[in-house]
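Working through the structure, step by step
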Amino acid sequence: MAEPADPPAAADVPVVRVGLLGCGNVGAALVGLVERRAAAIAGRSGVRLEVSRIAVRSLTRDRGVEVADGVLTRDAAAVAVDPEVDLVVEVIGGIEPARELTLAALAAGKPVVSANKELLANHGGELATAAEAAGVDLLFEAAVAGGIPIIRPLRESLAGEDIDRVMGIVNGTTNFILTRMTEEGADYADALAEAQGLGYAERDPTADVEGYDAGAKAAIIASLAFGQRVVAGDVYHEGIAGLTAADIDSATRLGHVIKLLAVCERVDGPDGPEVAVRVHPAMVPLQHPLAGVRDSFNAVFVEGAAVGDLMFYGRGAGGDPTASAVLGDVVDAAVNLRKGTFATVGIEGRARIRAIDEQRSPFYVSIDVEDRPGVLRSIAEVFERNQVSIRSLEQDGAGSDARIVLITHTAREADLQATVSELRDLPAVHRVGSVVRVVGDEG
Ligand SMILES: NC(=O)c1ccc[n+]([C@@H]2O[C@H](COP(=O)([O-])OP(=O)(O)OC[C@H]3O[C@@H](n4cnc5c(N)ncnc54)[C@H](O)[C@@H]3O)[C@@H](O)[C@H]2O)c1
Ligand SMILES: N[C@@H](CCO)C(=O)O
Ligand code: NA
């Protein structure tokens, strides 16, 4: 057997100069990580990373990392096309100027690594075309589920797999809030403030709590899992703000836990395969692997025809975990750059999207009623008339403030919505409370 070659001396290792756009939670963590890991990375991959330019808004802010003189600049556009920069990392967030900067860097022949799901989910097609035209990488592992490797497994390891469904807890902020509310009875606003303090929430946390952030991630996951482009606007989404402590109690009593889920499915449609993609709070049975994913942790559950069930679990938010995913992409892109090669995305054309009205799941429904003879029958008749079959039902309380909580068998969204609107017209119904889809326990 041949002797292993001596590792190259540090001076022989080619340097890849990184231009960083944005130095907030993720950017600052990346600077620290490159500093700590550059020597080990050089030994393993044959490229030495150096963060040579950093575009920031404020030159004076303390970011908790050491930066050499002359590295910081307020001119992001100059960094994107700087001839002294080999590779660009975009961690500004939002659509503009991130989109223009990314396009400029790609057009200048620089690979781009991005953590920006909003950008990728809205303009991924345009950016992928620009990257291919330039013959460079556009990598975005950090954009979905932060530090958890999920983009690369979908793109590479599972490239030959026939994937039926991907479900994920892909927003750390809302999982953190729901965990605090479920386990400690915490107040929604207090739990959100805590998540913001820990650096999990987006700049505008409505993106987290209203499901936009998870929706963008769902679009990216669905595009890669099914090989056809899904954009953010294709994703139906509901957030967690309407959930009550009573819903959380009911879920617990029924052996479930409420999670904000992204659900991406391939379904048969009249004109061929369709993609059903949605984000909403869901009742998940306690025995399902996603039910045990707590705090700011994320998990993505993949169901493949040959491979069976897979789950990817870890930290989906926070500076260091996200920077770890960015760094993995940077090493990959830097090595490819040295070799003169790049990865292609493997997404062809637009997916045909199934309308939310036609999507199907079981539902949990809570109804505040006047408890008098015949009420239960009139409620059951409304469900029956709309072809929604009831799987289980229980009543709490009596008299004028009774509550009926029921779970249906799998039903069409449109039929369930028609049921709810007829229930509201029944004289004995005071209020139809929450309607929560049940996932992972289809019956
Ligand atoms: N924080 C997380 O847990 C996390 C996880 C996964 C992905 N991401 C994504 O990573 C990206 C960055 O997130 P973050 O948490 O670091 O956000 P952040 O708000 O902490 O950092 C963004 C930084 O960009 C700077 N910036 C804005 N416009 C700029 C410009 N024109 N030029 C230079 N700098 C500019 C801001 O001043 C800020 O410091 C976002 O796309 C986010 O969605 C974040
Ligand atoms: N705001 C996001 C950051 C990770 O994308 C979250 O809470 O999951
Ligand atoms: Na990831």
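Residues numbered from 1 in each chain as written. Chains lettered and ligands numbered in written order. Predicted model: local features only at pLDDT ≥ 70, side-chain atom pairs only at ≥ 80, totals over all residues. Heavy atoms only, no water.

This is how it is decided: UniProt positions are given in the numbering used here, feature names are shortened, and annotations may be inferred rather than shown by experiment.
The protein goes by Homoserine dehydrogenase in an unreviewed UniProt entry, where it is assigned to Iamia majanohamensis. Under Cofactor (unreviewed entry), UniProt gives the following word-for-word description of the protein: "a metal cation".

**Observations concerning the pairing of strand β12 (residues 308-315)**
Our working definition: When DSSP finds two or more bridges between two strands, those strands count as paired. Every helix listed is a DSSP run of H or I at least four residues long, and every strand listed is a run of E at least two residues long, numbered separately from the N terminus.
Bridge analysis of strand β11 (residues 297-304) against β12 gives eight bridges, and the strand direction is antiparallel. Bridge assignment links A299 to a residue of β12, and that residue is Y313. The hairpin formed by β11 and β12 contains three residues between the paired strands.

**A short note on the UniProt feature "binding site: L-homoserine" (unreviewed entry) in the protein**
What counts, and what does not: In this scheme, a residue with accessible area under 20% of its type's maximum is buried, one over 50% is exposed, and one in between is partly exposed, where area comes from a 1.4 Å probe on protein chains only. Contacts are residue-level and defined by heavy atoms, with any inter-residue pair within 4.5 Å sufficient.
Under the local residue numbering, the UniProt record ascribes the feature "binding site: L-homoserine" (unreviewed entry) to E202. Relative accessible area serves as the criterion here: at 28%, E202 is assigned to the partly exposed category. E202 has contacts with K117, A207, D208 and D213, leaving out every residue within four places of it along the chain.

**Quick notes on the site of ligand 1**
We count it as follows: By convention in these notes, a residue is near a molecule or strand provided one of its non-hydrogen atoms lies within 4 Å of it. Any N or O atom pair separated by 3.5 Å or less is treated as a polar contact, with the protein-specific requirement of one donor-capable and one acceptor-capable atom, and with residues adjacent in sequence counted only for side-chain atom pairs. Here the Shrake-Rupley method, with its probe set to 1.4 Å, supplies the accessible areas, and only the displayed protein chains count as covering residues. Put simply, Ala, Val, Leu, Ile, Met, Phe, Trp, Tyr, Cys and Pro go in the nonpolar bin, Asp, Glu, Lys and Arg in the charged bin, and everything else, Gly too, in the polar bin. Where each domain begins and ends follows an automated or database-derived domain assignment.
Near ligand 1 you find 23 residues, and of these N25, V26, K117, E202 and G318 are the closest. Take E202: an N or O atom from its side chain is 3.1 Å from an oxygen atom of ligand 1. If ligand 1 stood free it would expose 830 Å²; the protein chains cover 87% of that surface. Split by residue class, the shell around ligand 1 holds ten nonpolar, eight polar and five charged. No fewer than three residues from each of domain 1 (10-146 + 320-339) and domain 2 (153-314) sit in the shell around ligand 1.

**Remarks on the packing of helix α3 (residues 98-107) against helix α4 (residues 117-134)**
Put simply, the test is: What counts as an axis is a line fitted to C-alpha atoms, over the stretch in contact for a helix, and the angles between N-to-C directions run from 0 to 180 degrees. Note that the term roughly parallel is reserved for angles under 35 degrees, roughly antiparallel for angles over 145, roughly perpendicular for angles of 65 to 115, and oblique for everything else. Handedness of each helix crossing follows the sense of rotation of the near helix against the far helix: counterclockwise by less than a right angle gives left-handed, clockwise gives right-handed.
The interhelical angle for the contact between α3 and α4, taken along N-to-C directions, is 15°, at an axis separation of 9 Å. Of the possible angle classes, the one that applies to α3 and α4 is roughly parallel. In the packing of α3 onto α4, the handedness of the crossing is right-handed. Of α4, the residues touching α3 (which contributes A98, R99, T102, L103 and L106) are L119, H123, E126, L127, A130, A131 and A134. A class-by-class count of the residues in the contact of α3 with α4 yields eight nonpolar, two polar and two charged.

**Some details on the site of ligand 2**
Near ligand 2, the surroundings consist of K117, N171, G172, T173, Y200, A201, E202, D208, D213, K217, G316 and A317. A distance of 2.8 Å separates an oxygen atom of ligand 2 from a polar atom in the side chain of K217. For ligand 2, whose unbound accessible area comes to 260 Å², protein coverage reaches 94%. Elements with a contribution of two residues or more to the shell around ligand 2: α6 (172-184) and α9 (212-226). When its residues are assigned to classes, the shell around ligand 2 shows three nonpolar, four polar and five charged.

**Let's talk about α9**
Test applied: Multiplying 1.5 Å by the helix residue count minus one yields the expected span of that helix.
Here α9 is 15 residues long and its end C-alpha atoms lie 21 Å apart, about the 21 Å a rise of 1.5 Å per residue gives. Burial within α9 is extensive, with 14 of its 15 residues counted as buried. Note on α9: the residue one or two positions beyond its end, G227, has a positive phi of about 75°.

**Re the sheet that holds strand β5 (residues 112-114)**
In spatial order, the strands read β3-β2-β1-β4-β5-β6; together these six strands make up an open sheet with parallel pairing. For this open sheet the edge positions go to β3 (72-73) and β6 (138-139), each flanked by a neighbour on one side alone. Relative to β5, strand β4 (residues 87-90) runs parallel, the two sharing three bridges. Each residue of the ladder has a partner; that of V89, found in β5, is V113. Together, β1 (15-21), β2 (48-55) and β4 form the strand contacts of helix α1 (residues 25-45), whose direction differs from that of β2 by roughly 160°.

**Some thoughts on the pattern of salt bridges**
Defined as follows: Each salt bridge in this description consists of a side-chain nitrogen of Lys or Arg and a carboxyl oxygen of Asp or Glu lying within 4 Å of one another.
Per the counting criterion, the structure on display carries 29 salt bridges. As a salt-bridge pair, R165 and E303 come within 3.2 Å of each other at their nearest N and O atoms. Separated by 138 residues along the polypeptide, R165 in strand β7 (residues 163-169) and E303 in strand β11 bring together distant segments of the chain. Residue R165 is classed as buried on the basis of its relative accessible area, which comes to 12%. Between R437 and E238 there is a salt bridge, and its shortest N-O distance comes to 3.0 Å. With R437 in strand β18 (residues 429-438) and E238 in the loop between β8 (236-237) and α10 (245-253), this residue pair connects regions lying 199 residues apart in the sequence. For R437, a relative accessible area of 3% corresponds to the buried category.

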